[in-house]
Amino acid sequence: MLNKINAKDEIKKYQQVILNLICFILLMSFGKLMAQTIQPIRPLDLKQVVINDPFWTPKYKLWNTITVNDVFDKLEGKYIPDRKDLIEEQKKLGKTRNAFANFDRVAKGEKDIKIHDGPPWYDGLVYESIRGAADLLVKHPDAQLQNKIDGYINRIAKAQAIDPDGYINTYTTLTYSNRRWGTNGGDDKWQHDIYNAGMLAEAAVHYYYATHSTQLLNVAVKMSNYMFQQMGPAPKNNVIPGHGGPEEALLKLYYLFKNNPNLKKDIAAPVNEQEYYSLAKYWIENRGHYGEGVNSRKSDSSYNQDHQPVFEQKSIEGHAVRATLLATGVAAMAIENNDQRYIQTAKNYWNNMIGKRMFITGGEGAIANGERFGKDYYIPESAYLETCASIGAAFFSEQMNELQADGKYMDEFERVLYNNLLSGISLSGNHYHYENPLITQNHPRWAWHDCPCCPPMILKMIGALPSYIYATDDTALYVNLFIGSKATTQLKNGNAIQIQQVTNYPWKGKSSITINPATAKNFTVKIRIPGWANSKENPFDLYHSKVNQQVTIKVNHQLLAYSIENGYVAINRKWNKQDIIEINLPVEPRVVTASDSIQTLNGKIAIVAGPIVYGIEALDNPELDSYSINASTTLQLNYKPNLLNGINTITGVAKTANNKMVNFTAIPFFSIGNRNISSPYKVWMLNQK
Ligand SMILES: [Zn+2]
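What follows deals with the packing of helix α15 (residues 387–404) against helix α17 (residues 454–464). The contact between α15 and α17 brings their axes to 9 Å, and the two run at 30°. As the angle between them shows, α15 and α17 are arranged roughly parallel. Of the two elements, α15 crosses α17, and the hand of that crossing is left-handed. On α17, the residues that touch Thr387, Cys388, Ile391, Gly392, Ala394 and Phe395 of α15 are Cys454, Met457, Ile458, Lys460, Met461 and Ala464. Here the contact of α15 with α17 is composed, by residue class, of 9 nonpolar, 2 polar and 1 charged.

Right, let's talk about the sheet that holds strand β13 (residues 564–565) for a bit. To summarise the sheet geometry, strands pair through backbone hydrogen bonds and adopt either a parallel or an antiparallel arrangement. In space, the 6 strands of this open sheet follow the order β1-β4-β5-β9-β14-β13, with mixed pairing throughout. In the strand order of this sheet, the two ends are held by β1 (42–43) and β13, each with one partner. One ladder, built from 4 bridges, connects strand β5 (residues 476–479) with strand β9 (residues 521–528); its direction is parallel. Opposite Leu477, over in β9, you have Val525 as the bridge partner. Where helix α16 (residues 407–421) meets the sheet, its contacts fall on β9 and β14 (568–575), and the angle it forms with β9 comes to roughly 50°.

Reference values for angles at a metal are 109.5 degrees in the four-donor tetrahedral case and 90 or 180 degrees in the six-donor octahedral case. Donor atoms from the polypeptide that bind the zinc ion are Glu386 (OE), Cys388 (SG), Cys453 (SG) and Cys454 (SG), placed at 2.0 to 2.3 Å. The coordination sphere of the zinc ion comprises 4 donor atoms, whose angles at the metal cover 93 to 121°; the geometry is tetrahedral. Positions of the donor residues of the zinc ion along the chain correspond to the pattern E-x1-C-x64-C-C. Of the two residues, Glu386 is situated in the loop between α14 (340–356) and α15 and Cys454 in helix α17; the sequence distance between them amounts to 68 residues. No difference in accessibility class separates Glu386 from Cys454, as the two residues are buried.

Right, let's get into the sheet that holds strand β7 (residues 496–503). Read from one edge of the open sheet, 7 strands run β2-β6-β7-β8-β15-β11-β12, paired in antiparallel fashion. This sheet does not close on itself; its edge strands, each paired only once, are β2 (49–51) and β12 (558–559). Pairing analysis gives 7 bridges linking β7 to strand β8 (residues 510–517), with the strands arranged antiparallel. Within β8, the position partnered with Gln498 by the bridge is Asn516.

Judged by nonpolar contacts, the single largest core of 213 residues is most densely connected at Trp56 and Tyr543. For Tyr543, the contacting residues outside a window of four places in its chain are Met358, Phe359, Ile360, Ile379, Glu537, Asn538, Val592, Thr593, Ala594, Ile598, Leu601 and Trp684.

The final tally for this structure, using the stated rule, is 38 salt bridges. With its nearest N and O atoms 3.6 Å apart, the salt bridge here joins Lys252 to Glu202. Taken together, the positions of Lys252 in helix α11 (residues 246–259) and Glu202 in helix α9 (residues 193–211) put the pair 50 residues apart, joining distant regions of the chain. For the pair Lys252 and Glu202, a shared accessibility class is recorded, and that class is buried. Here Glu336 and Lys258 are joined by a salt bridge, their closest N and O atoms 3.0 Å apart. With Glu336 in helix α13 (residues 320–337) and Lys258 in helix α11, the pair connects residues that are 78 residues apart, well separated along the chain. With a relative accessible area of 24%, Glu336 lands in the partly exposed category.

Definitions and cut-offs
Every chain's residues receive numbers from 1 upward, in the order its sequence appears when written. Confidence filtering applies because this is a predicted model: local features only for residues at pLDDT of at least 70, side-chain atom pairs given and counted only at 80 or more, and all residues used for totals across whole chains, interfaces and linings. For the side-chain quantities, the full set of heavy atoms in the structure was used; hydrogens and water were omitted. Every axis in this analysis is a line fitted to C-alpha atoms, fitted for helices over the stretch in contact. Angles between the N-to-C directions lie between 0 and 180 degrees. Helix and strand definitions here come from DSSP, where helices need a minimum of 4 consecutive H or I residues and strands a minimum of 2 consecutive E residues; each element is numbered from the N-terminal end. Any angle that falls under 35 degrees is termed roughly parallel, while one over 145 is termed roughly antiparallel, one within 65 to 115 roughly perpendicular, and all others oblique. Handedness of a crossing follows from how the near helix is turned relative to the far one, being left-handed for an anticlockwise turn of less than a right angle and right-handed for a clockwise one. Any two residues having at least one pair of non-hydrogen atoms within 4.5 Å are treated as being in contact. In the scheme used here, Gly and all other residues not listed as nonpolar or charged are polar, with Ala, Val, Leu, Ile, Met, Phe, Trp, Tyr, Cys and Pro taken as nonpolar and Asp, Glu, Lys and Arg as charged. Two strands are said to pair when DSSP picks up at least two bridges between them. In this description, a donor is an N, O or S atom within 2.8 Å of the metal centre, a cutoff extended to 3.2 Å for sodium, potassium and calcium. Water is not part of the atom list, which can make sites seem incomplete. Tetrahedral means four donors with every angle between 85 and 135 degrees, whereas square planar (four donors) and octahedral (six donors) require angles over 155 degrees between opposite donors and between 65 and 115 for all others; sites fitting neither are termed irregular. The classification of residues rests on relative accessible area computed with a 1.4 Å probe and restricted to protein chains. Under 20% of the type maximum is buried, over 50% is exposed, and intermediate values are partly exposed. Among buried residues, those of type Ala, Val, Leu, Ile, Met, Phe, Trp, Tyr and Cys that are joined through side-chain atoms within 4.5 Å constitute a nonpolar core. A pairing counts as a salt bridge when a side-chain nitrogen of Lys or Arg comes within 4 Å of a carboxyl oxygen of Asp or Glu.

This is the structure:
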């Protein structure tokens, strides 16, 4: 009996060992599979790319001159208020608000005076604008603008110099100076201390890159060193950013010094870049961990993604700008540490955002109250859709592409770029949208806002955009965007390559890309084929559409038989000087319908051509409220050089409520509201039965 039991035990033991072995093998192969999904690629250095494009070059001319100066001037208080709240404020204060006056007050030693111009994150908006302007300066040197920014940086540095710790946050110092980072009864979600500090670090890195000036970098290093001393596991303070963004920013500071160790000797404070990496990691991983005793903080909400540990968060929740910027930081960290938990969390966020919550214009954040993501499939036409949230989502998508090299990420980047981003700024370059709903009766752009966060965010994205057109890994060159440009780059295993792209995208589908290697070499060129060009409007079928024409690709005028893998066509061959790739995308108008899961869009259609979503404005369509359109109606695409700085319009026939057939004209969503600021518009129209 005893032996029998022993024998059974032995069998059980063996079974257990075999089972463990199987589990181990499964886990290993699963781990391997997961690891294989990582394919880091790098966008090009900003200095390596020059845009020369009929669509984008005129916009950059405007943004480099009008917009960038407009934003700084208005931050200085040079604006005529055109919104009720700011008109009232000007009457009450007898002046407009000036973000730089705050730095001057702090520099004079003022404290707790309960006077501060603008919201607590006004410092942050100054830094964000400097970051955006720095990138623009790389492509468009402007001594006057640079002098202006140097003047601002002097004032910022003076404000920091007064504090022995190197702490700088004008709102907190001028209101409740003992509440740094939201401690002692404060709240960093409102104060934005860490957010502002993160934007400072980012601005300093970008401004150094553009100008080689270290003055702002000195300020950022001192502040970041102080944060590292103050925040972390006990006995340090248990604090996390009330607003996402600083995670990626501190990684940028880390990379700057990791890649340029000699720079440390030029900095007026000690630099240990590992501290910036650790701090960013702590900020991410400490969410949802509230600590105990002296190192504890209040449990918090999904508003700033602090409702549970980050790696347990399966969906993207809360304030949409905070969420998308945190998600960008998680993806950026994954590139550096290759940690599966980070990769999986970034994917969870992205899949949920793009698969269940995204608007057709790339808008994110359905709900005005709390500026939040709505529940899955809650996609009302009158949604909030802050410009900053969609740009945050675009930065996140681009970062995901850096992590995994899949064209679907750049598809969604591009959706934001041509729609919700461009709609955030007027064609005159000095008026802006905060919300970007898909239907409205009266929605004028403004000169300046009580919370003017969107103009600096626009500057950040347009500044960075040239570097996102191409990317590389060790063996391949990626063409991610169809923007006329010249670029030079070098593959790890190859020689220098020059690329020249000529295109009329997004109005026309043809792009010619000349590949010029220094000497003939074998390498791969990967061209992104947008999902919509293959009748895949959304990677998760949140939206549907069908194009009738095929994508064609020619190499040296010969048609290429291709297959698409992970959103790219890979062309591997020996490239010679002047080899030319011609790609033709079907930018014919197409009708988009939404998934049945989106109840508010049942029975409705939208009109899209290439990456551009169209809408109808009352100016062209007086009876737009009653329009219904037959999904199979003929849609005519016409280029109008004199309309709205040159746009394609789409015309067709609609039926009104009393069965009258009328011609309708649709214009790009981004160009709406530029002829008559209060003209009603809509994107989704009833599908005629
Ligand atoms: Zn904003």
